[in-house]
Every structure is written in C-alpha cells, then in structure tokens.
Amino acid sequence: MAETAHAAGRGRVAEGLRVYGLIVMMWVRSTMAYRTSFVLTAFGNFAITALDFVAILLMFSRVDALGGWSLSEVALLYGLSGVSFGLADLAIGSMERLGRRVRDGTLDTLLVRPAPVLAQVAADRFGLRRLGRVVQGLLVLGYALTVVDVDWSVAKVLLMPVMLLSGAGIFCAVFVAAAAFQFVAQDASEVSNAFTYGGTTMLQYPPTVFALDLVRGVTFVVPLAFVNWLPACYVLGRPYPLDLPRWVAFAPPLVAVACCALAGLAWRAGLRSYRSTGS
Amino acid sequence: MGVGSGRLYVAVAAGGFRRYATYRVATAAGVFTNTVFGLVLVYTYLALWDEKPQLGGYDQAQAVTFVWLGQALLAALAIGGGGFEDELMERIRTGDIAVDLYRPADLQLWWLAADVGRALFQLVARGVVPLVFGSLFFPVELPREVSVWAAFLVAVVLGMVVSFALRYLVALSAFWLLDGTGVKQMGWIVGLFCSGMLLPLNVFPGALGEVVRALPWSSLLQAPADVLLGEAGALGTFVFQGVWAVALLAVGRLVQAAATRRVVVQGG
C-alpha cells in the first residue's frame, strides 16, 4: 500500500513538472513574440539589481571593510545570494500574484483544470526577463571568484554549485510559503517581499554586521543563513556566526529539502482553506 | 482657477486618499515590509559609519534617521514607482484617454490631485510606523522644534509634486510607445539611485555626488531629510524643489499638448 502511495506521489510530482514545463514554454513563446520588449525588460531587470551592487561599490569607495569583510568577500556573498535568489525568482517568482487571483476569483479557473494547482500558479506568467537578475548575480560571482583570496580544496569547489542550488531551493520554499499565506491574507503580497527581497538584501552583507537576534532569526526561524552565510564562512575560513559547528556549512541541501517539504504542507493547508469569492 | 474648480481638485484628492485607505491589509503588509527593509539597511549603515564616522557629514544617529526616513517616504513619494502612472498608461493604451480629454477638468491637475491624495494617505499610513519603530529601537536624531517638522512637511509635499511631475512624463511616453513598461522601469532605476534611497547622496564621491544632488530626484528624499536633520536651510530647499516642480510640470504640459494632437491624428 505504502509503495503504491509512494508511486502515486512520484507520479504527481512528475505530472506537476510536466504541466509546469508546458505552461512555461507557452509563456516563453509569447514573450518571444515581442523580442525588443523582452530585451528591454531583461536589461531593466539586470540594471535594477545591478544598482544594489553599485551602492556597495560606492560604500567601498569610502571604506576598506564592512563588518570586517573586504569588498571581494562581500562580492562573493552578493553573487551567491543574487544567483540563488535569481534562480528561485525566475522559476516561481510569479507566485506572488496568487493574492490577486484569490481576490478576483480567477484562481477558480486553475482549480477546475486537471493539473496540479501549484504547478499552474508557479508557471503563471513565467517571466523570462528575470534572467537579467541571474546574469547580474553570475557576473558579480565571477568577479568575486577571480579576486577573492581562498585556499581552494575539492570540498570548497564542490560546495559552490551545491550552495547555489540549495539556496534557490530555500528561496523557492519561501515563495511557496508566502503564497500559501496569501490564501488567508489575500491582499498581503508585500509581506513576502520582506522575506524574499529583504532576505536576499540581508545576505549580501556579512553576518557580522547584524544584531545577534536577527542572525538567529535567519538561521533557525527562516533559515536563509544556509543560502550563503554559513557555507561562505567555511569557504573563506572565517568564524561562523553564533559559534555553530563546522559541519553546518554542508547542511544547505538538507535544509532546502526540509524547507520545501514544510512549504508544500503549508501550501496544501492554504489550498484546502480556500473559499472562492464566487465572482 | 476659480473657487469651484479648486473644490473639484480637493474632492479628487480626497478620493485618492480614500481609495488607498480601503486597502487595509495591503497597507499593513507594506508597513511590515518597510520596517524589515529598514532593519536590514540600518545595520549596514551602522557598520559603514562605524568604519568611517562623519561619512558624508552625517554622524551615526543622522545616518540611522536617514534610513528610517527613506522607508517612511518610499511609498508616499513613489520612489520605487507605484501610484497613478499604471492607470494613466492603461487609459492611454486603450484609448480611454480620449474621454478624459473631453472632461471639463485639466488632465494634469486632475492626476496631480489624485496622486497627492494617495501620497498623503501613504505618508500617514506607511510613514509613521517605520519611523516610530526606528526611533524606539535605534539611536536617531529627530528635532524637537515644531518649526523644523513643519518645514520638513512642506519639503515632503514639494517632493510629492516633483515626484508626480517626473512620473507624469513617464506615463505620457505611452502615447508614443504604447507599452511603457521599459520607460517605467528606467524611471524607477534612476529614481532609486538619484533620490538617495540606496545611499545618501552626500556619501556619493566627488563630481558624481554633485551631479546627483543637482538633479530633480534629490527633492524626493535627500532634500526633506536634510531639512529634518538640520543639514540644509528650509528656504533654499523649498526654492530648489519649487524650481524643479514648476519646470517639470511645464515640460509635462508641453508634452501633453503634443500628445493630445497625436490622439486627434489617431482618432482614438
């Protein structure tokens, strides 16, 4: 019995991914119908994100270190957080529109379709222009890796892609959890900005800058510290915040899986509590 | 402008205020987000001023105050966009604008009144809590004199007009481009960077600093903040903001006149 349930669950995930892929391809094709507009908005996305790095550069034009970290180290944090968040935003960033769909009743059309709702909402209005943010993060990351002073080992090299993917997973979980909250709050999509955009902004700066309670919050409550702070401290050979044990630098994949599972449960609870506006 | 039409625009402004007042949950969510962003920024500023006290002529308390002022004014002054421009662009795109042009009201003043109404609501609803939170938990420097607060509020209102005038130009671009998303995005980018929202403009190095301080966007955050922090004289600030407001509104009129001729040509 358990095995059939397991297989059914796997089938459902596969089905969700297939539906997600189909809807995404549809939006990509429609985006490509207006290529100039796509290029302009992708560039705009790139430029808006690049601005916070310009602000960091301006800061470092006046000081040599921030919280004891050099420009190259801050750039590494920035690049890692930027790429992880950019990937999550590219994949499911449009989920923040869920509140609007709940309010105007268009969520109902998604519910009656024979496809997983989460996949439909996640792929809704897929914005390829968000690649601009990923590219910007990759450029800063590339710059950081060429200038940062690291004693490279196999573990440290392997940790890089693991960090980016786990980080994207953690941010995806935040997006899904925030969307689940929209079922209750409907009109509060800005709350998710605090954790998504606010979270990635925070991770761009060294943990030494922030108050201990804030660091505890993003380690144990919303575990964003696993996106880049903890593994980056290992790579750079810096002391960990909160005196955490050395192995936590390798925990991001586990944290990402746990976060996604919890977010999935929250999503399910949210969807079950949904009452249509009837309009 | 007669008394009658003056009353009309007051009513439009009141409508704008009330309209945003209905989004209670969204407003609360915005207050929460502003407070969280303020929290993140304040620690980076504290680290920056720890490294270099008196950076840009501010002491640490002034820098902290600047962060919370930025979060308090962000929505009211639509520094990151938001406000009437989406709606106006949509009306231009669909052709509904033709109806507006027949109304016995001035298009620019109508939208100005509606946007000032919106801005005043957001100043009260989204401005007070982050500023109070910041002053309770961080070392801030706020004046005790009522006259300084009054001068600050005048500078904020003038900032609202400059912000409107800039976004009006952005919105009118839809007459030529139809899809104004790109222009709008560029408007935000320049606005965020040149208003002091990312970093106070007095921290910008050398000639770059002098240029951004002379641009109209400095009226949005830097100018009111410096009045409140006692870093700039009230009168000089008002003149600076007033000149930009009048100049930008005048350019808006010229563009509007050219755009209206375009509506006739398109017959839409």
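Everything numeric in this text was worked out from a predicted model, so none of it was measured.

Asks: Which residues make up the overall build of chain A, and what are the values?
Replies: When you go through chain A residue by residue, the secondary structure sums to 12 helices and zero strands. When the helices and strands of chain A are listed from N to C terminus, the series reads α-α-α-α-α-α-α-α-α-α-α-α. A compact globule built from 279 residues would reach a C-alpha radius of gyration of about 19 Å, and chain A, at 20 Å, matches this within 12%. By its C-alpha atoms, chain A is 60 × 50 × 35 Å across when sized along the principal axes. Out of the 279 residues belonging to chain A, those deemed buried represent 53%. Considering only intrachain contacts with a sequence separation of at least 6, the fraction spanning at least 24 residues in chain A is 78%. Taken as a whole, chain A presents about 12700 Å² of accessible surface, with 67% of it coming from carbon and sulfur. Counting 22 positive and 16 negative side-chain charges, chain A places the averaged centre of each group 9 Å from the other.

Asks: Run through the UniProt feature "transmembrane region" (unreviewed entry) in chain A, naming residues and quoting values.
Replies: Residue and element names in this part refer to chain A. In this structure's numbering, the residues bearing the UniProt feature "transmembrane region" (unreviewed entry) are residues 38–60, 75–93, 134–152, 158–184, 205–227 and 247–267. Taken end to end, residues 75–93 comprises 95% helix and 0% strand; its first and last C-alpha atoms sit 24 Å apart. Helix makes up 74% of residues 134–152 and strand 0%, with an end-to-end C-alpha separation of 24 Å.

Asks: An account of the interface of chain A and chain B is needed here, citing residue identities and associated values.
Replies: On the chain B side, the residues contacting the 36 residues of chain A number 34 residues. The contact between chain A and chain B buries some 3000 Å² in all, and 77% of this surface belongs to carbon and sulfur atoms. Remark: the boundary between chain A and chain B carries one salt bridge. Measuring nitrogen to oxygen at the nearest pair gives 3.0 Å for the salt bridge that ties R126 of chain B to E190 of chain A. If you look at where chain A meets chain B, you find five residue pairs in polar contact (both at pLDDT 80 or more). Those elements giving two or more residues to the side of chain A that touches chain B turn out to be α2 (35–62) and α9 (189–203) of chain A. The element that contributes the greatest number of residues to the side of chain A that touches chain B is α2 of chain A, accounting for 15 residues.

Asks: Any chance you could break down the environment of M26 of chain A for me, citing the residues and the numbers?
Replies: Checked against the element boundaries, M26 of chain A lands in helix α1 (residues 2–32). The sequence separation of M26 of chain A and R100 of chain A amounts to 74 residues, and the corresponding C-alpha distance is 21 Å.

Conventions adopted
Residues numbered from 1 in each chain as written. Chains lettered and ligands numbered in written order. Predicted model: local features only at pLDDT ≥ 70, side-chain atom pairs only at ≥ 80, totals over all residues. Heavy atoms only, no water. Helix = DSSP H or I, 4+ residues; strand = E, 2+ residues; numbered from the N terminus. Rg over C-alpha atoms; globule rule 2.2 N^0.38 Å. Buried < 20%, exposed > 50% of the residue type's maximum accessible area, 1.4 Å probe, protein only. Contact = heavy atoms within 4.5 Å. Areas by Shrake-Rupley, 256 points an atom, 1.4 Å probe, with all protein chains shown as cover. Lys, Arg positive; Asp, Glu negative; His and termini not counted. Charge placed at Lys NZ, Arg CZ, Asp CG, Glu CD. UniProt positions renumbered as here; feature names shortened; annotations may be inferred. Buried area = accessible area lost by both parts, 1.4 Å probe. Salt bridge = Lys/Arg side-chain N within 4 Å of Asp/Glu carboxyl O. Polar contact = N/O pair within 3.5 Å; in protein donor to acceptor, adjacent residues only side chain to side chain.

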